[in-house]
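Now for the letters of each chain:
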Amino acid sequence: MRSLTLVSSTLAVSALAAVAVAVTAAGRAPVVERVDFGKTITATKPAYDARVSPATDPTVKEFVIPVTHDTVEIAKGVKYEGWTFGGTVPGPVIRVREGDRVRIKVVNKAPMPHSIDFHSARIPANIAYRTINPGDTVAFEFTAKDPGAYMVHCGTPPVTMHIMQGMYFAIIVDPENGWGTTADKEFVLVQSEFYTKKDSTSGAVTPDWQAAMAKTASYVVFNGRAGQYKETPLKVDVGDRVRLFVVNAGPSFNSDFHVVGAVFDRVYPDGNPRHVLEGVQTYMVPAGGGAVFETVFDKDASGEGLYPFVTHSFADAEKGAVGIIQVGTPKQHTTMSH
Ligand SMILES: [Cu+2]
């Protein structure tokens, strides 16, 4: 009887609490959006989906991010045992607005310790970015105070290894008052390097630590796979203003980002509109940095056609850091120089 009373009291308290929440929700309380990246998986076939949706209205955004060890394809037909956020390399894109409260919960489903480091957060690193043991979780929150295109990565030593294994993704913080222009198409491109060797007996492609320390990359890629956007171009229409969020995960190279046949009418270093540059051919994104690039594929200028995007450090482009923006439906596909 006594325990029954206790249960009833608890239920009563719960009911009151539920009402309180309902009243608050009807007032000015922010609506909370929750995304579980264990369930919402970024498409990687035929290519990592580089398109990015606008930020949603809720001012509190919660993200659950599983850490897993998964097989990924880093070049055509090259399978690799990667370490991931959300099962893909890069991990999922997070997009919020300046001023949003961002709640992060990372669940380590991998067999070894990992961690997470948000470049967009101002937060004590020893608490938020602490080691997460297998089966453990870490949860923290921050207010996205600084607009930009940021890197997120695992910071567990040796960090070079955790990044070259695939543990990174982009977070976009939209400026409170928007970007000042209206983009017709928006894409995220994360540049990174893989350092690999082939096991002589099994034939498996495995990490090459010596190559990583010597900075002799096997592949330099956009969005986790060498050359994928040559086969599956980013498609836009004639007249479109295109906004590219470029994040460079490294672990060690710069990205000298350039679009062949276009000039950027705006570049925002770090993705902050207060930094605006105008009329830019190539802009360097450092390892661990990001930038926002805009150009318009005008009818009487850079209209219908194919426009390769590259790192203009061309030895790196040769290793896979090249893709194509297809504007309209051009007839000729085979005679480009890049
Ligand atoms: Cu890690």
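The preceding data block contains the structure.
Residues numbered from 1 in each chain as written. Predicted model: local features only at pLDDT ≥ 70, side-chain atom pairs only at ≥ 80, totals over all residues. Heavy atoms only, no water.

Colleague: Help me out: how do you make sense of the sheet that holds strand β9 (residues 168–174) in this one?
Modeller: Neighbouring strands of a sheet are bound in pairs by backbone hydrogen bonds; such pairs are parallel or else antiparallel. Taken together, four strands build an open sheet; the order of strands is β4-β9-β8-β6 and the sheet is mixed. Each end of this open sheet is capped by a strand with a single partner; those strands are β4 (94–97) and β6 (117–118). In this structure, β6 lies alongside strand β8 (residues 148–153), joined through two bridges in antiparallel fashion. Within β8, the residue paired with D117 across the bridge is H153. (Pairing = 2+ DSSP bridges. Helix = DSSP H or I, 4+ residues; strand = E, 2+ residues; numbered from the N terminus.)

Colleague: Please clarify how the coordination of the copper ion should be interpreted in this entry.
Modeller: Metal coordination angles have textbook ideals: 109.5 degrees for a tetrahedral set of four donors and 90 or 180 degrees for an octahedral set of six. Distances from the copper ion to its protein donors, H114 (ND1), C154 (SG), H162 (ND1) and M167 (SD), fall within 2.0 to 2.5 Å. Here the copper ion is ringed by four donor atoms whose angles at the metal span 85 to 137°, and the overall shape comes out irregular. In terms of primary sequence, the donors binding the copper ion are separated according to H-x39-C-x7-H-x4-M. Here the residue H114 occupies a position in the loop between β5 (101–108) and β6, and H162 occupies one in helix α3 (residues 159–164), the gap between them amounting to 48 residues. (Donors = N, O, S within 2.8 Å, 3.2 Å for Na, K, Ca; no water. Tetrahedral: all angles 85-135°; square planar, octahedral: opposite > 155°, others 65-115°.)

Colleague: Looking at this structure, I do not really get the environment of V152. What am I missing?
Modeller: Within the fold, V152 resides in strand β8. For V152, a relative accessible area of 0% corresponds to the buried category. For the pair V152 and A121, spaced 31 residues apart in sequence, the C-alpha separation works out to 9.8 Å. Excluding residues that lie within four positions of it along the chain, V152 makes contacts with I116, D117, F118, M167, Y168, F169 and I171. (Buried < 20%, exposed > 50% of the residue type's maximum accessible area, 1.4 Å probe, protein only. Contact = heavy atoms within 4.5 Å.)

Colleague: Teacher, can you tell me more about the side chain of T295 here?
Modeller: One can find T295 in strand β19 (residues 289–296). Contact partners of T295, with chain neighbours within four places excluded, come to D240, R241, V242, A262, V263, F264 and D265.

Colleague: What's the story with the nonpolar core in this structure? I'm lost.
Modeller: What tends to happen in soluble globular proteins is that the nonpolar side chains get buried as a cluster. Counting residues in hydrophobic clusters, the biggest one holds 65 residues, and the most contacted among them are I65, I94, I104, F118, L244, F257 and I325. Apart from residues lying up to four places away in sequence, F257 is in contact with L189, F222, L244, V246, F264, Q281, T282, Y283, F293, F309 and V310. V52, V72, V188 and F194 belong to the second largest nonpolar core, which has 26 residues in total. (Core = buried A, V, L, I, M, F, W, Y, C linked by side-chain atoms within 4.5 Å.)

Colleague: Looking at this structure, I do not really get the sheet that holds strand β10 (residues 185–194). What am I missing?
Modeller: Judged by pairing direction, the sheet is mixed, and its five strands sit side by side in the order β13-β10-β15-β19-β17 without closing on themselves. Looking along the sheet, the strands with just one partner apiece sit at the ends: β13 (219–222) and β17 (266–269). On average, adjacent strands in this sheet sit at an angle of 15° to one another, irrespective of strand direction. In this structure, strand β15 (residues 241–250) lies alongside β19, joined through eight bridges in antiparallel fashion. Looking at the pairing, V247 lines up with G290 of β19. (Axes fitted to C-alpha atoms, helices over the stretch in contact; angles between N-to-C directions.)

Colleague: What's the story with the side chain of E62 in this structure? I'm lost.
Modeller: Relative to the helices and strands, E62 is located in strand β2 (residues 60–75). At 2.9 Å, the side chain of E62 forms a polar contact with the side chain of R103. (Polar contact = N/O pair within 3.5 Å; in protein donor to acceptor, adjacent residues only side chain to side chain.)

Colleague: Could you clarify how one ought to interpret the pairing of strand β20 (residues 305–311) in this entry?
Modeller: In regular strands, side chains alternate between the two faces of the sheet. For β20, the buried fraction is high: seven of the seven residues fall into the buried class. A two-sided burial pattern is seen for β20, the buried positions comprising G305, Y307, F309 and T311 on one face and L306, P308 and V310 on the other. Pairing of strand β16 (residues 255–259) with β20 involves three bridges; the strand directions are antiparallel. The partner of F257 across the bridge, within β20, is T311.

Colleague: Would you explain the pattern of salt bridges in this entry?
Modeller: Oppositely charged side chains can form a pair if their charged atoms are brought close together. Summed over all chains, the structure comprises 20 salt bridges. Across the salt bridge formed by E141 and R103, the nearest N and O atoms sit 3.5 Å from each other. Of this pair, E141 sits in strand β7 (residues 137–143) while R103 sits in strand β5, and the two are 38 residues apart along the sequence. With a relative accessible area of 30%, R103 lands in the partly exposed category. Across the salt bridge formed by R122 and D146, the nearest N and O atoms sit 2.7 Å from each other. A residue pair is termed long-range when its members are at least 10 positions apart, and R122 in the loop between β6 and α2 (125–128) and D146 in the loop between β7 and β8 qualify at 24 residues. Within the structure, one salt-bridge network assembled from shared partners comprises R95, D174, E186, R241, R243, D265 and E294. (Salt bridge = Lys/Arg side-chain N within 4 Å of Asp/Glu carboxyl O.)

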